[in-house]
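# Secondary and tertiary structure notes
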Amino acid sequence: MDYINVKNKTAKRSQTQPYDREYIVYLIRSRTGRSLRKNSEQCGYHPTSFAQALGKPWPDVQELIARLIGEDPWVIWPDRYDDNHQPIRKRAPRQKRRG
């Protein structure tokens, strides 16, 4: 179970509370020895992709970050996944092009 410091008191981290951005960066750097930027480039993404996924939903990159940390993405970002561990899509599906 993860613990967080709340006003100098230790409390259990809620299951619905996402990991802190700084904690995710710390885990990635400590487990891989590389920065977000280097990991992003090594996975074939733009250098800022991992940093962007920490701030907004990006399921493909979230999956890569979770693998690097050794955790499931719905555990790291419970607010971005439903009860069936599927990403919550907040935008409407794209319309088909008329050809």
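Residues numbered from 1 in each chain as written. Predicted model: local features only at pLDDT ≥ 70, side-chain atom pairs only at ≥ 80, totals over all residues. Heavy atoms only, no water.

Counting secondary structure elements, the protein chain contains 5 helices and 2 strands. Mapped from its N terminus to its C terminus, the protein chain presents α and β elements in the order β-β-α-α-α-α-α. Relative to its 99 residues, the protein chain shows a buried fraction of 27%. In the structure as shown, the protein chain presents an accessible area of about 7,700 Å², 46% of it carried by carbon and sulfur atoms. (Helix = DSSP H or I, 4+ residues; strand = E, 2+ residues; numbered from the N terminus. Buried < 20%, exposed > 50% of the residue type's maximum accessible area, 1.4 Å probe, protein only. Areas by Shrake-Rupley, 256 points an atom, 1.4 Å probe, with all protein chains shown as cover.)

A few words now on the packing of aromatic side chains. Applying the stated criterion across every chain, the model contains 4 aromatic pairs. Ring plane angle 25° and centroid distance 6.3 Å describe the contact between tyrosine 23 and tyrosine 26, whose orientation is recorded as stacked. Taken together, the positions of tyrosine 23 and tyrosine 26, both in helix α1 (residues 21-32) and 3 residues apart, correspond to about one turn of that helix. By relative accessible area, which is 35% here, tyrosine 23 ends up partly exposed. Taken together, a centroid distance of 6.0 Å and an interplanar angle of 85° make the contact between tyrosine 45 and tryptophan 58 edge-to-face. Remark: tryptophan 58 occurs in the loop between α3 (49-55) and α4 (59-69) and tyrosine 45 occurs in the loop between α2 (36-42) and α3; sequence separation between them is 13 residues. Three or more aromatic residues link up through ring pairs in this structure, and these residues are Tyr19, Tyr23 and Tyr26. (Phe/Tyr/Trp six-rings, centres within 6.5 Å; stacked < 30°, edge-to-face > 60°.)

Along the chain, isoleucine 28 turns up in helix α1. Considered as a pair, isoleucine 28 and isoleucine 65 are 37 residues apart in the sequence and their alpha carbons are 7.7 Å apart.

Now for unusual backbone geometry. Phi is positive for histidine 85, close to 65°, though the residue is something other than glycine. Among the structural elements, histidine 85 can be located in the segment after α5 (73-76).

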